[in-house]
Amino acid sequence: MIEEKLNADIKTAMLARDAKKLDALRAMKSVVLLLKTSSEGLTEESAMKAFAKEVKKRRETAEIYTQQNRADLAEVDRKSTRLNS
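Residues numbered from 1 in each chain as written. Predicted model: local features only at pLDDT ≥ 70, side-chain atom pairs only at ≥ 80, totals over all residues. Heavy atoms only, no water.

This part takes up the pattern of salt bridges. Two side chains that carry opposite charge are able to pair once their charged atoms sit near each other. Within this structure, the stated rule accounts for 6 salt bridges. E3 serves as the salt-bridge partner of K36, at 3.0 Å between the closest nitrogen and oxygen. Of this pair, K36 sits in helix α2 (residues 19-37) while E3 sits in helix α1 (residues 2-16), and the two are 33 residues apart along the sequence. Here E75 makes a salt bridge to R78, at a shortest N to O gap of 3.8 Å. Taken together, the positions of E75 and R78, both in helix α4 (residues 71-80) and 3 residues apart, correspond to about one turn of that helix. Take R78: its relative accessible area is 30%, and that puts it in the partly exposed class. (Salt bridge = Lys/Arg side-chain N within 4 Å of Asp/Glu carboxyl O. Helix = DSSP H or I, 4+ residues; strand = E, 2+ residues; numbered from the N terminus. Buried < 20%, exposed > 50% of the residue type's maximum accessible area, 1.4 Å probe, protein only.)

Right, dumping it as structure tokens:
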């Protein structure tokens, strides 16, 4: 179900030519594909944990970029954590 929803959202983002949303959705799909092949397997709970971990990682990376005066790179990571921006 998660995978079908992501595929539908990716298609919608492609048709709308929304590059930011498309990048974020593709990152989420990558997480789902990794979960499918892992020993943990793909469940809604495991997907939510993995999504939260990815968001945390990107926010931490954005903070490091900000500290190093790389606002351009920080903004890319910040935008990838927000689907509705």
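Interhelical geometry of helix α3 (residues 44-67) versus α4 gives an angle of 160° and a closest axis separation of 8 Å. Taken together, α3 and α4 sit at an angle that is classed as roughly antiparallel. Remark: the crossing between α3 and α4 carries left-handed chirality. Counting all contacts with α3, which are made through R58, T61, A62, Y65 and T66, the residues of α4 involved are L73, A74, D77, R78 and S80. Within the contact of α3 with α4, the residues separate by chemical class into 4 nonpolar, 3 polar and 3 charged. (Axes fitted to C-alpha atoms, helices over the stretch in contact; angles between N-to-C directions. Parallel < 35°, antiparallel > 145°, perpendicular 65-115°, else oblique. Left-handed = near helix turned anticlockwise from the far one by under 90°. Contact = heavy atoms within 4.5 Å. Nonpolar A, V, L, I, M, F, W, Y, C, P; charged D, E, K, R; others polar.)

Two numbers describe how α2 lies on α3: the axes approach to 10 Å, and their chain directions differ by 130°. Classified by the angle their axes make, α2 and α3 are oblique. Viewed along their axes, α2 and α3 form a crossing whose handedness is right-handed. Packed against α2, whose contacting residues are A27, M28, V31, V32 and L35, the element α3 presents S46, A47, A50, F51, E54 and R58 at the interface. When the residues that make up the contact of α2 with α3 are grouped by side-chain class, the tally is 8 nonpolar, 1 polar and 2 charged.

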